[in-house]
Amino acid sequence: MSSSVPKPRCLQRPFVAPRLHMFGPGPSNVPTRILQAGAQPIIGHMHPEMFEIMDDIKSGIQYAFQTRNSMTFAVSGTGHTAMECALVNAVEPGESVLAAVNGIWGERATNVAERIGARVNTIAAPPGGTFILQEIEQALSRHRPMVFFVVHGESSTGVLQPLEGIGDLCRKYKCLLLVDSVASMGGTPLYMDKLGIDILYTGSQKVLNAPPGTAPISFSQRACQKALNRKTKPVSFSLDLTWLANYWGCDGAPARMYHHTGPVSAFYSLRESLAVLSEEGLENSWERHRTAAEYFHNGLESMGLKLYVKDKNARLPTVTTIVAPLGYDCYEIRSYLMKTHNLEISGGLGPSFGLVLRVGLMGCNSSKANVDMVLRALKDALEHCHRSKM
Ligand code: PMP
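Cut-offs applied
- Residues numbered from 1 in each chain as written.
- Predicted model: local features only at pLDDT ≥ 70, side-chain atom pairs only at ≥ 80, totals over all residues.
- Heavy atoms only, no water.
- Axes fitted to C-alpha atoms, helices over the stretch in contact; angles between N-to-C directions.
- Helix = DSSP H or I, 4+ residues; strand = E, 2+ residues; numbered from the N terminus.
- Left-handed = near helix turned anticlockwise from the far one by under 90°.
- Contact = heavy atoms within 4.5 Å.
- Nonpolar A, V, L, I, M, F, W, Y, C, P; charged D, E, K, R; others polar.
- Near = heavy atom within 4 Å.
- Polar contact = N/O pair within 3.5 Å; in protein donor to acceptor, adjacent residues only side chain to side chain.
- Areas by Shrake-Rupley, 256 points an atom, 1.4 Å probe, with all protein chains shown as cover.
- Salt bridge = Lys/Arg side-chain N within 4 Å of Asp/Glu carboxyl O.
- Phe/Tyr/Trp six-rings, centres within 6.5 Å; stacked < 30°, edge-to-face > 60°.
- Buried < 20%, exposed > 50% of the residue type's maximum accessible area, 1.4 Å probe, protein only.
- Lys NZ or Arg CZ within 6 Å of the ring centre and 35° of its normal.
- Patch = residues over 30% accessible without salt bridge, like charges linked within 9 Å, V, L, I, M, F, W, Y side chains within 5 Å.
- Core = buried A, V, L, I, M, F, W, Y, C linked by side-chain atoms within 4.5 Å.
- Pairing = 2+ DSSP bridges.

Student: Honestly, the packing of helix H12 (residues 330-341) against helix H13 (residues 368-384) in this entry has me stumped. Any pointers?
Tutor: How two helices sit against one another is set out by the angle between their axes and by the gap between those axes. For the pair H12 and H13, interaxial distance at closest approach is 10 Å and the crossing angle is 115°. Regarding H12 and H13, the two cross each other, and that crossing is right-handed. Between H12 and H13, the contacting residues are Ile333, Tyr336, Leu337, Thr340 and His341 on the first element and Ala377, Leu378, Asp380, Ala381, Leu382 and His384 on the second. In terms of residue class, the contact of H12 with H13 is made up of seven nonpolar, three polar and one charged.

Student: Looking at this structure, how should I read the site of the ligand?
Tutor: Taken together, Thr78, Gly79, His80, Trp105, Gly153, Ser155, Asp180, Val182, Ala183, Gln205 and Lys206 make up the full set of residues adjacent to the ligand. For the ligand, a nitrogen atom lies 2.7 Å from a polar atom in the side chain of Asp180. Residue Lys206 places a side-chain N or O atom 2.7 Å away from a nitrogen atom belonging to the ligand. A total of 390 Å² of accessible area belongs to the ligand in isolation, and the protein chains cover 87% of it. For the shell around the ligand, the residue count by class is three nonpolar, six polar and two charged.

Student: For this particular structure, what's the right way to read the pattern of salt bridges?
Tutor: Where charged atoms from two side chains of opposite charge approach closely, those side chains can pair. Taken as a whole and judged by the stated rule, the model has 13 salt bridges. Of the charged contacts in the structure, one is a salt bridge between Arg271 and Glu272, with a shortest N-O distance of 4.0 Å. Three or more residues are tied together by salt bridges with common partners; here these are Arg33, Asp56, Arg271, Glu272 and Glu279.

Student: Would you mind showing me how to read the packing of aromatic side chains here?
Tutor: We describe a pair of aromatic rings using the distance from one ring centre to the other and the angle between the two ring planes. Under the defined criterion, the tally for this structure stands at six aromatic pairs. Each ring, one from Trp248 and one from Phe267, has its centre 5.2 Å from the other, and the planes form 70°; the classification is edge-to-face. Residue Trp248 is located in the loop between helix H9 (241-247) and helix H10 (264-280), and its partner Phe267 is located in helix H10; the two are separated by 19 residues in the primary sequence. Trp248 gets classed as buried once you look at its relative accessible area, which sits at 1%. By relative accessible area, Phe267 is classed as buried at 0%. Three or more aromatic residues joined by ring pairs make a cluster, and in this case those are Phe73, Phe219, Tyr247, Trp248 and Phe267. In this structure, Arg256 is placed above the aromatic ring of Phe51, and the distance from its NZ or CZ to the ring centre is 4.3 Å. Above the face of the Tyr295 ring, Lys368 is positioned so that its terminal group lies 5.0 Å from the ring centre.

Student: I tried to follow the side chain of Ser181 on my own but got confused; where do I start?
Tutor: Structurally, the position occupied by Ser181 is in the loop between strand S8 (176-180) and helix H7 (192-195). Within the local environment of Ser181, its side chain forms a polar contact with the backbone oxygen of Tyr201, the two atoms lying 2.8 Å apart. Excluding anything up to four places from it in sequence, Ser181 contacts His152, Leu190, Leu200, Tyr201 and Thr202.

Student: I'm lost on a nonpolar patch on the surface in this one. Help?
Tutor: A surface patch of nonpolar side chains, about 310 Å² in accessible area, is lined by Phe237, Trp243 and Met257. Positionally, Met257 belongs in the loop between H9 and H10.

Student: Is there a simple way to explain the environment of Val75 in this structure?
Tutor: Positionally, Val75 belongs in strand S2 (residues 71-76). The exposure class of Val75 is buried, given its relative accessible area of 1%. Val75 has contacts with Thr81, Ala82, Cys85, Gly213, Thr214, Ala215, Ile217 and Leu239, leaving out every residue within four places of it along the chain.

Student: What's the story with the side chain of Glu95 in this structure? I'm lost.
Tutor: Counting through the fold element by element, Glu95 comes out in the loop between helix H3 (79-90) and strand S3 (96-101). In terms of polar contacts, Glu95 uses its side chain to reach the backbone amide nitrogen of Glu92, at 2.9 Å. A polar contact of 2.9 Å, which involves the side chain of Glu95, links it to the side chain of Lys226.

Student: Where do I start with the nonpolar core in this structure?
Tutor: Side chains of a nonpolar character, in soluble globular proteins, are inclined to be buried together. Ranked by size, the top nonpolar core spans 84 residues in total, and within it Phe73, Phe148, Ile217 and Phe219 carry the most contacts. The biggest single contributor to this core is helix H2 (residues 48-65), with eight residues.

Student: Please explain the environment of Thr202 as it appears in this structure.
Tutor: Considering the arrangement of structural elements, one finds Thr202 in the loop between strand S9 (199-201) and strand S10 (214-219). Residue classification places Thr202 among the buried positions, given a relative accessible area of 1%. Separated by 124 residues in the primary sequence, Thr202 and Thr78 place their C-alpha atoms 8.6 Å from one another. Setting aside residues up to four positions removed in sequence, Thr202 forms contacts with Phe65, Ala82, Ser181, Val182, Met185, Ala215 and Pro216.

Student: When you look at the sheet that holds strand S14 (residues 356-360) in this model, what are you seeing that I'm missing?
Tutor: By way of backbone hydrogen bonds, the strands of a sheet pair with one another, either parallel or antiparallel. Judged by pairing direction, the sheet is antiparallel, and its three strands sit side by side in the order S11-S14-S13 without closing on themselves. Edge strands, defined here as strands with exactly one partner in the open sheet, are strand S11 (319-323) and strand S13 (346-347). With two bridges joining them, S13 and S14 adopt antiparallel strand pairing. What sits directly across from Ser346, in S14, is Arg358.

Student: Sorry if this is basic, but what is going on with unusual backbone geometry here?
Tutor: Here the bond from Gly26 into Pro27 is cis, since omega is 0°, no more than 30 degrees from zero. Secondary-structure assignment places Pro27 in the loop between strand S1 (21-22) and helix H1 (32-38). Positive phi, close to 55°, is recorded for Gln66, a residue that is not glycine. Along the chain, Gln66 turns up in the loop between H2 and S2. Taking relative accessible area as the criterion, Gln66 reaches 29% and is therefore assigned partly exposed.

This is the structure we're talking about:
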């Protein structure tokens, strides 16, 4: 029998990806070295060479997170998948979760926790603001959650949440501290063990400059104790920690069992991106992001633009939120930058929707030269885009 649905004509055209400056909140540009690592021949997901690569990834994540947790690996999926992996394993239906919400990622964690059947409470800070220890303690003492979720780098608002002291509070109230570092890890100091973080995750496509699709995650002893001694099975098979621990060789078992087919090429790229980060050194990477961000923020203010996060210390060095320039249409500015400068920046998201422009300079993109390029391009856009009379 012959096929009745015709061959798609679109697939007869060769595909060439455009070359862009990826200066939105992610994905970032992927350096040739990391792209080439991903283009190496496929090997089996259960081959000994693959297990060695996975072990290298594990060491790279331990360094990047500053943790000695043996339960450290990469989830096959994006930042959301890691968020789900954390919550689905740490929380059983009916248990209590407290989420700090000052942007979209706290909202997303709330959404995920509710799907698990958790009792979810939130504390809120206005978009652009952070949480202080006192209000966190009050909420912990009131709600007595099993897990407290907080975002280190709120990419929707451009806020950096200080984490010092939260781990101690969580220990005092016998709850696990879960931190989202998708937009911050590698770009600003973060010490998982020292801060007493119980579950930490990030994404591959931001500071790490790897393609989207893998998400480093780590669980402390306390988190493992909880996640591996549950009364109920986690609702997700793909994200079940018991299985993942074995697949990644984290459980000390003599043999690794097939769980799922890991994304082989994405693991190659992730390994290379972790190698790049460790070659540069975390401290150097943090300092590079800090100086580039400061230079950027000063440049924006000298152009007359306003930063959305008022408190200088609460500005994320990886993702900058600029108050939407008065009289302009943000969408037009973004389209102009893309059309004229091959440069991607993004608009607001969640609570910052319509209010800001977001510029991400992460990993290899975080440099003074790129800041100069963005400032020049923005100046050009403000000169050429339509401005309504006020
Ligand atoms: N958390 C934060 C802070 C993020 O910035 C993002 C991605 N923008 C995510 C979670 C979700 O990651 P992903 O899009 O890779 O699922």
